[in-house]
Amino acid sequence: MSSPAKAKVTIILANLGTPDAPTIPAVRRFLKQFLSDQRVIEIPKPIWQIILRLFILPFRPKRVSQAYAQVWGEDSPMREILLQQVNTVKTHLTQLYPQFELNVVPAMTYGNPNIQQVLARVSEQPQDHVILFPLFPQYSATSTAPLYDALAKWVVKQRNLPGLSIIRDYYQHPLFIQALAQSVRDYQAVHGQPEKLLMSFHGIPQPYADKGDPYADRCRITGQLVAQALGLSAEQYAISFQSRFGKQEWIKPYTDVLLEDWAKQGVKSVQVMSPAFSADCLETLEELAIENAETFKSLGGGSYRYIPALNSREDHLRLLNSLLQANLDALTQTLAH
């Protein structure tokens, strides 16, 4: 008598996205997809599409592609890191859960490998369970929710649906806070301790927060927990928000404005980290590490250094595995033979 087939489980590790190349056409395609999402831009669609097509897409891709070219390796940093994370997690979990036919795959909300195409491939090999893991430590309707939307669009087209789990976020998970704090300790062991540590998070428009997006509060909790883990006083660190777009008010304080103030106050050394990112990307490597450094130094600021995102650090991967193992352990009770 043959043994029963192993339950099929697919884990999707998903990040925001990146262009296919640091070129104007590739960046234009990416920005069109990204900025057309009404989760990202809540201006009424007909009005926004006129603005996007007439005033943004003809001009912005040139500047953005030049910025990407400064940080591009063999591929986009975000995609390279995501693939490293997927491979390491897959190796670890397949050894731990031989009772499952386990697959771990990468996905991007925008760009490639696109989440819709990844879900279409899941349909080709029907699964018993799918775990969607958005790699955004702090939930936001602008980043995490579009992956919920993609999953919802896929669900309504399926007849034989698998079980579904979504890991919403992990902004105060002890292993996350420990990994962030240790990344700072490791960096400072080489580069010394600065006068100020700045935790800069990606921003969202203030009206989004006013309508109930919990992102800003989650960022502040992350920052405060990291400061506690490092034993920092209120004068030794700050929390700020970067990447404003358009003319409306965004959540404050703004990273660039805070750095300008510090430079004018004569702050001698700053180290900046970005705990909203699970992988370094254009925003961290170009905007935070290069552009803001130039701003700070041009106004009289002293030493400025960027502490890399957690990327493929062992303690970061231990966190990702821990969150996934909690889900797989629960599935063992219902799916494993």
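From a predicted model like this one, the values you see are computed outputs, not experimental measurements.

Scoring rules and cut-offs
- Residues numbered from 1 in each chain as written.
- Predicted model: local features only at pLDDT ≥ 70, side-chain atom pairs only at ≥ 80, totals over all residues.
- Heavy atoms only, no water.
- 1 Å grid on protein atoms, 1.4 Å probe; cavity = no way out; pocket = protein on both sides within 12 Å on 5 of 7 lines; lining within 4 Å.
- Points joined across faces, edges and corners; volume = space filled by probe spheres on them.
- Nonpolar A, V, L, I, M, F, W, Y, C, P; charged D, E, K, R; others polar.
- UniProt positions renumbered as here; feature names shortened; annotations may be inferred.
- Buried < 20%, exposed > 50% of the residue type's maximum accessible area, 1.4 Å probe, protein only.
- Contact = heavy atoms within 4.5 Å.
- Polar contact = N/O pair within 3.5 Å; in protein donor to acceptor, adjacent residues only side chain to side chain.
- Helix = DSSP H or I, 4+ residues; strand = E, 2+ residues; numbered from the N terminus.
- Expected span 1.5 Å × (residues − 1).
- Arc of directions from axis to C-beta.

### Brief notes about empty space enclosed by the protein
For the coordinates displayed, the defined rule picks out one cavity of 30 Å³ or more. Of the volumes computed, that of the largest cavity is approximately 40 Å³. Broken down by class, the residue content of the lining of the largest cavity amounts to eight nonpolar, two polar and no charged.

### Notes on the UniProt feature "binding site: Fe(2+)" (unreviewed entry) in the chain
Using the residue numbers shown here, the UniProt feature "binding site: Fe(2+)" (unreviewed entry) corresponds to His202 and Glu283. A maximum C-alpha distance of 8.5 Å among these annotated residues, which run over 82 residues, shows that they cluster at one spot. Accessibility expressed as a relative area gives 24% for His202, which makes it partly exposed. Setting aside anything within four residues of it in sequence, one finds His202 in contact with Tyr215, Phe241, Gln242, Ser243, Trp250, Ala276, Phe277 and Glu283. Those residues within four positions of Glu283 in sequence are excluded, and the remaining contacts are His202, Gln242, Ser243, Phe277 and Leu288. Of the polar contacts made by the side chain of Glu283, one reaches the side chain of Ser243; its length is 2.7 Å.

### Details of helix α1 (residues 24-35)
The end-to-end C-alpha distance of α1, which contains twelve residues, comes to 16 Å, matching closely the 16 Å that a straight helix rising 1.5 Å per residue would cover. The complete set of buried residues in α1 reads Ala26, Val27, Phe30, Leu31, Phe34 and Leu35. Viewed end-on, α1 has its buried residues packed into an arc of 140°, placing them on one side of the element.

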